[in-house]
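One-letter residues, chain by chain:
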Amino acid sequence: MEGIADAAGISKVTLYGYFQDKEAVFHAVAEQMAEQMIAAVKSELDIEMPVADAVANALVAKHEIIFDSVRSSPFSGELFTAKNDYVAALFRDLDANITSMLEVRLGQAGLVSTKAVDLAHLLFGASQGIANNAADKSAMRKQIEFLCDAILRIPD
């Protein structure tokens, strides 16, 4: 809590006035990040463009938030461990929500419902693997775009 207070430029007493403990701080930050990811994904999926582009942009937007907020931190290992300890259910729900949003967008593109569900899960899972292993955001973007193009782009 002392490190958090120092980083925020407030006293520990003030911080404890808002949050009971470090877990409560972490939960509040995780909820804010989840809201940002949902908004970013929704925004990209709502843009009128080819489905491969919309899905790629939505997945990249989600993963860029994590890249900027967590992976770039010198405490990234601790943050991912804390995520599993404190807010695993929140992020499982987030992932399910994003997958459902992908399913809807794929369905709007004319895919049969069962195929849209399967593709949404495949694309989401593959994008997670790409993001977890990418050296940087540029490489991540290129690989996710390639994935979506390879699976969703319908030749003329």
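Small disclaimer: the values here were computed from a predicted structure and weren't measured.

### Regarding the overall build of the chain
Next up, step 1: Each helix and strand in the chain was counted, giving eight helices and zero strands.
Next up, step 2: The secondary structure elements of the chain, listed N-terminal to C-terminal, are α-α-α-α-α-α-α-α.
Next up, step 3: Viewed in the frame of its principal axes, the chain has a C-alpha envelope of about 65 × 30 × 25 Å.
Next up, step 4: A burial count over the chain gives 34% of its 156 residues as buried.

### A closer look at the confidence of the model for the chain
Next up, step 1: Averaged over the chain, the pLDDT score is 88; the fraction of residues at 70 or greater is 95%.
Next up, step 2: The least confident element of the chain, judged by mean pLDDT, is helix α5 (residues 76-86) at 72; the most confident is helix α8 (residues 137-152) at 96.

### Here we look at the pattern of salt bridges
Next up, step 1: Using the criterion set out here, one finds six salt bridges in the structure.
Next up, step 2: Salt-bridge contacts for Asp 68 lead to Lys 137; the nearest nitrogen and oxygen are separated by 2.7 Å. Linking Asp 68 in helix α4 (residues 51-71) with Lys 137 in helix α8, this pair joins segments that are 69 residues apart in sequence.
Next up, step 3: For Lys 137, a relative accessible area of 29% corresponds to the partly exposed category.

### Notes on the packing of α4 against helix α6 (residues 88-108)
Each pair of packed helices gets described by two things: the angle between the helix axes and the distance between those axes.
Next up, step 1: Contact geometry for α4 and α6: axes closest at 10 Å, N-to-C directions at 165°. Taken together, the axes of α4 and α6 are roughly antiparallel relative to one another. Handedness of the crossing formed by α4 with α6: right-handed. Listed contacts from α6 to Val 51, Ala 54, Val 55, Leu 59 and Lys 62 of α4 are Asp 95, Ile 98, Leu 102, Arg 105 and Leu 106.
Next up, step 2: Class assignment for the residues of the contact of α4 with α6 results in seven nonpolar, no polar and three charged.

### Overview of α6
Next up, step 1: Under the 1.5 Å per step criterion, the end-to-end length of α6 is 30 Å for 21 residues, consistent within 8% with the ideal 30 Å.
Next up, step 2: Those residues of α6 lying buried are Phe 91, Leu 94, Ile 98, Thr 99, Met 101, Leu 102, Arg 105 and Leu 106. End-on, the buried residues of α6 take up no more than an arc of 160°, which puts them together on one face. Among the exposed residues of α6, those pointing more than 90 degrees away from its buried face are Arg 92, Asp 93 and Gln 108.
Next up, step 3: Within two residues after α6, Gly 110 carries a phi angle of roughly 100°, on the positive side.

Rules used in this analysis
- Residues numbered from 1 in each chain as written.
- Predicted model: local features only at pLDDT ≥ 70, side-chain atom pairs only at ≥ 80, totals over all residues.
- Heavy atoms only, no water.
- Helix = DSSP H or I, 4+ residues; strand = E, 2+ residues; numbered from the N terminus.
- Buried < 20%, exposed > 50% of the residue type's maximum accessible area, 1.4 Å probe, protein only.
- pLDDT = per-residue confidence, 0-100.
- Salt bridge = Lys/Arg side-chain N within 4 Å of Asp/Glu carboxyl O.
- Axes fitted to C-alpha atoms, helices over the stretch in contact; angles between N-to-C directions.
- Parallel < 35°, antiparallel > 145°, perpendicular 65-115°, else oblique.
- Left-handed = near helix turned anticlockwise from the far one by under 90°.
- Contact = heavy atoms within 4.5 Å.
- Nonpolar A, V, L, I, M, F, W, Y, C, P; charged D, E, K, R; others polar.
- Expected span 1.5 Å × (residues − 1).
- Arc of directions from axis to C-beta.

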